[in-house]
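Spelled out from the first residue to the last, the chains are:
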Amino acid sequence: MAFTSQSLIFRAPASLPSGRLAALSAGRVALRDRGAAFPSVAAASTSMASSDGDEKKETKLWGGRFEEGVTDAVERFTESISYDWQLYKYDIMGSKAHASMLASQGLITAGDRDIILEGLDQIERLIQEGKFEWRKDREDVHMNIEAALIERVGEPAKKLHTARSRNDQIVTDLRLWCRDAIDKILIRIKQLQVSLVMLASKYVDLIVPGYTHLQRAQPVLLPHLLLSYVEQLERDAGRLVNCRERVNFCPLGACALAGTGLPIDRFQTAKDLKFTAPMKNSIDAVSDRDFVLEFLAANSIAAVHLSRIGEEWVLWASEEFGFLTPSDKVSTGSSIMPQKKNPDPMELVRGKSARVVGDLMTVLTLCKGLPQAYNRDLQEDKEPLFDSVKAILGMLEVCTEFAQNISFNSKRIQSSLPAGYLDATTLADYLVKKGVPFRTSHEIVGRSVALCVSKNCQLAELQLDDLKAVHPVFEADVYEYLGVENAVNKFISYGSTGSNQVKKQLEDWRIQLGISS
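Every residue gets a number counted from 1 within its own chain, in the order that chain's sequence is written. In view of the model being predicted, local features appear only for residues whose pLDDT reaches at least 70, and side-chain atom pairs are presented and counted only at 80 or more, with totals across whole chains, interfaces and linings using the full set of residues. Only hydrogens and water are set aside when side-chain values are computed; all heavy atoms of the structure are taken into account.

- An unreviewed UniProt entry lists the protein chain under the name Argininosuccinate lyase, with Urochloa decumbens given as the organism.
- We quote the UniProt Sequence similarities (unreviewed entry) comment for the protein chain here in full: "Belongs to the lyase 1 family. Argininosuccinate lyase subfamily." UniProt positions are given in the numbering used here, feature names are shortened, and annotations may be inferred rather than shown by experiment.

Structure (structure tokens):
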């Protein structure tokens, strides 16, 4: 859904010089003509109607106390139908539950309820078929659907808004939308986790350099590194699951802010909409956006995790590292440099994390100065929310595809392992086992590394006499601790990079994610 081509036309002030006026007029025609090249804009003119111009405007459903209509500028500025139309499914769902409750409570007849439900079904079909006319002069998704329902079924539709306000209506729609969005993200997270576990299973014994401060630190098994991403994603999923629990409370029936004097049954509507329960405080029900903030925060943390994966894989795909190669399916080229093969999807994952974090900052700032209860400012919560969800779903999808289409360059990685004295900490552990205090061991190994630097060799290449010259505690068994393979095999602590520990981690994740052996 997009703005109409009409709403994109520039209107020049009459006071502009004739030359500027002509230039703007030409630009107006060019922009209008461009609509034909962009179907999403051109086609929208048939489905998103505008009230610009001198034609008589429809009286607002809330317009009883007003003698004049709003100006075109105010109408354009305050409309939200250009984006909140996406809530139509949930708006109709909530209206059906509300109508059924009203009938159960004797506030409308069963006949009126059936007429309303049938009318809502017809409107939903029209929307799904792309035949529904969204009108900007009707402001938002609620007014568009209600006005269309009145046109379609008449007087019964005028009873639908009994004991309901747009204040509780919009937040009900939004909670239902968030609930489904979280479920979709959870599916994508699991898909990425499965892809990472499958990738790790292909390289069970591959040792890679582990880094701290982006400097070589200790040798680790590649599956251990890949499973660290899986662990992060599991926490992301947990935050979303917890968020969903708090999302799943029903504000419908709170009305504008104070509830209603009519005998409604909020427990029935909550049950029909599969909410846990109605919200306890009507003021809180219409003004709360904690659930949006929490959802955006969970998305932001997940986006940062994905960005870190992206950063690492972009580095590893460079010539300087050369540790991994993405397939052509997940790579792009250069418009000028014919040799280039770029890991662009992961660069964009890294880039899109910025907008997800920005969406959170937008709504945090939006909410910080609002008095209770509902304020129109809260209209601005939806675009960042929609954007965040769209971005995180895309990031998860492309990370999954990237993980399924990369290979690690074992020979290049193995040839790089001798650099950096990755076995130095394991050598310190050796000395601790010999009874040397760790701080003393640290100093002894430091001097041993300095000796290697002077000789331009690795620790495993030092002669025993060289080591004994550093400290007499060294014995022939020291060579069982030197070299990256020996170093990795010495790790035994729970959760470590030792072979047995990593195999156990892999098996645990296979079981947890339901991956068959």
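## Structural notes on the overall build of the protein chain
And step 1. Of the regular secondary structure elements, the protein chain holds 20 helices and eight strands.
And step 2. Per-residue accessibility, obtained with a 1.4 Å probe over protein chains only, is compared with the maximum for each type, and a residue is labelled buried under 20%, exposed over 50%, and partly exposed between these values. Looking at the protein chain as a whole, 47% of its 517 residues are labelled buried.
And step 3. The contact rule is simple, with two residues in contact once any of their heavy atoms fall within 4.5 Å. Within the protein chain, residue pairs in contact and separated by at least 24 positions form 75% of the contacts whose partners lie at least 6 positions apart. Secondary structure follows DSSP: runs of H or I at least 4 residues long count as helices, runs of E at least 2 residues long count as strands, and numbering of each begins at the N terminus.

## Things to note about the environment of G498
And step 1. For G498, the position within the fold is in the loop between α19 (484-489) and α20 (499-513).
And step 2. Owing to a relative accessible area of 0%, G498 belongs among the buried residues under this scheme.

## Regarding the packing of aromatic side chains
And step 1. In this scheme Phe, Tyr and Trp rings, the latter by its six-membered ring, pair at centre separations within 6.5 Å, and the angle between planes marks the pair as stacked below 30 degrees, edge-to-face above 60, and tilted otherwise. Counted according to the given criterion, the structure contains eleven aromatic pairs.
And step 2. Aromatic pair F132 and W134: ring centres 4.7 Å apart, planes at 70 degrees, arrangement edge-to-face. In this pair, the class of F132 matches that of W134, namely buried.
And step 3. By the ring-pair criterion, three or more aromatic residues cluster together here, those being Y203, Y211, W316, F321, F323 and F408.
And step 4. Lying across the ring of F291, R175 places its NZ or CZ 4.2 Å from the centre. A ring is scored as having a charge over it whenever the NZ atom of a lysine or the CZ atom of an arginine sits within 6 Å of its centre and within 35 degrees of its normal.

## Details of the side chain of Q232
And step 1. Here Q232 is to be found in helix α9 (residues 222-247).
And step 2. Those residues within four positions of Q232 in sequence are excluded, and the remaining contacts are R239, H305 and R308.

## Re the nonpolar core
In summary, soluble globular proteins display a tendency toward joint burial of nonpolar side chains.
And step 1. Residues grouped as a nonpolar core are buried Ala, Val, Leu, Ile, Met, Phe, Trp, Tyr and Cys residues, joined through side-chain atoms within 4.5 Å. Counting 104 residues, the largest nonpolar core has W177, F295, L306, W313 and F408 as the members making the most contacts within it.
And step 2. For this core, the element with the most residues is helix α8 (residues 166-202), which contributes 15 residues.
And step 3. Setting aside its immediate chain neighbours within four residues, L306 contacts L192, L233, V349, I392, M395, L396 and C399.
And step 4. Residues L431, V436, L462 and L467 belong to the second largest nonpolar core, which totals 21 residues.

## Some remarks on the pairing of strand β3 (residues 207-212)
And step 1. DSSP-based pairing: two strands are paired if at least 2 bridges between them are found. Inspection of the sheet shows β3 paired to strand β4 (residues 215-221) by six bridges, in the antiparallel sense. Bridge assignment links T212 to a residue of β4, and that residue is Q215.
And step 2. Hairpin connection between β3 and β4: a loop of two residues separates the two successive antiparallel strands, and H213 in this loop has a positive phi of roughly 60 degrees.

## Some remarks on the pattern of salt bridges
And step 1. A pair is scored as a salt bridge if a Lys or Arg side-chain nitrogen falls within 4 Å of a carboxyl oxygen belonging to Asp or Glu. Summed over all chains, the structure comprises 25 salt bridges.
And step 2. With its nearest N and O atoms 2.9 Å apart, the salt bridge here joins D236 to R239. In this pair, D236 and R239 are both assigned in helix α9, three residues apart and thus about one turn of the helix distant.
And step 3. Here D328 makes a salt bridge to K341, at a shortest N to O gap of 3.0 Å. Here the residue D328 occupies a position in the loop between β7 (324-326) and α13 (344-367), and K341 occupies one in the loop between β7 and α13, the gap between them amounting to 13 residues.

## Examining helix α7 (residues 141-153)
Residues spaced three or four apart along an α-helix face the same direction, because each turn holds 3.6 residues.
And step 1. Along its 13 residues, α7 runs 18 Å from first to last C-alpha, staying within 8% of the 18 Å computed at 1.5 Å per residue.
And step 2. Most of α7 sits out of view: ten of its 13 residues are buried.
And step 3. For α7, the full list of buried residues reads V141, H142, M143, N144, I145, E146, A147, A148, L149 and I150.
And step 4. Those residues of α7 that are buried lie in contact with α4 (81-84), α5 (88-104), α6 (110-128), β2 (134-135) and α8.
And step 5. The N-cap residue of α7 is D140: its side-chain oxygen and the backbone nitrogen of H142 are 3.1 Å apart.
And step 6. Of the residues flanking the end of α7, it is G154, one or two places downstream, whose phi is positive at about 80 degrees. Under the convention used throughout, the expected extent of a helix is 1.5 Å for every residue step, that is, one less than its residue count. Whenever a nitrogen or oxygen atom comes within 3.5 Å of another N or O atom, the pair is scored as a polar contact, on the condition that within protein one atom can donate a hydrogen and the other can accept it, and that pairs from neighbouring residues in sequence are kept only if both atoms are in side chains.

## Digging into the environment of L226
And step 1. Mapped onto the fold, L226 is located in helix α9.
And step 2. Remark: the alpha-carbon pair of L226 and M198, spanning 28 residues in sequence, is separated by 9.9 Å.
And step 3. Ignoring anything within four residues of it in the chain, the contact list for L226 reads L196, L199, A200, W313 and F408.

## A look at α5
And step 1. The first and last C-alpha atoms of α5 sit 24 Å apart over 17 residues, in line with the 24 Å expected at 1.5 Å per residue.
And step 2. Following α5 by one or two positions, G106 adopts a phi angle in the positive range, close to 75 degrees.

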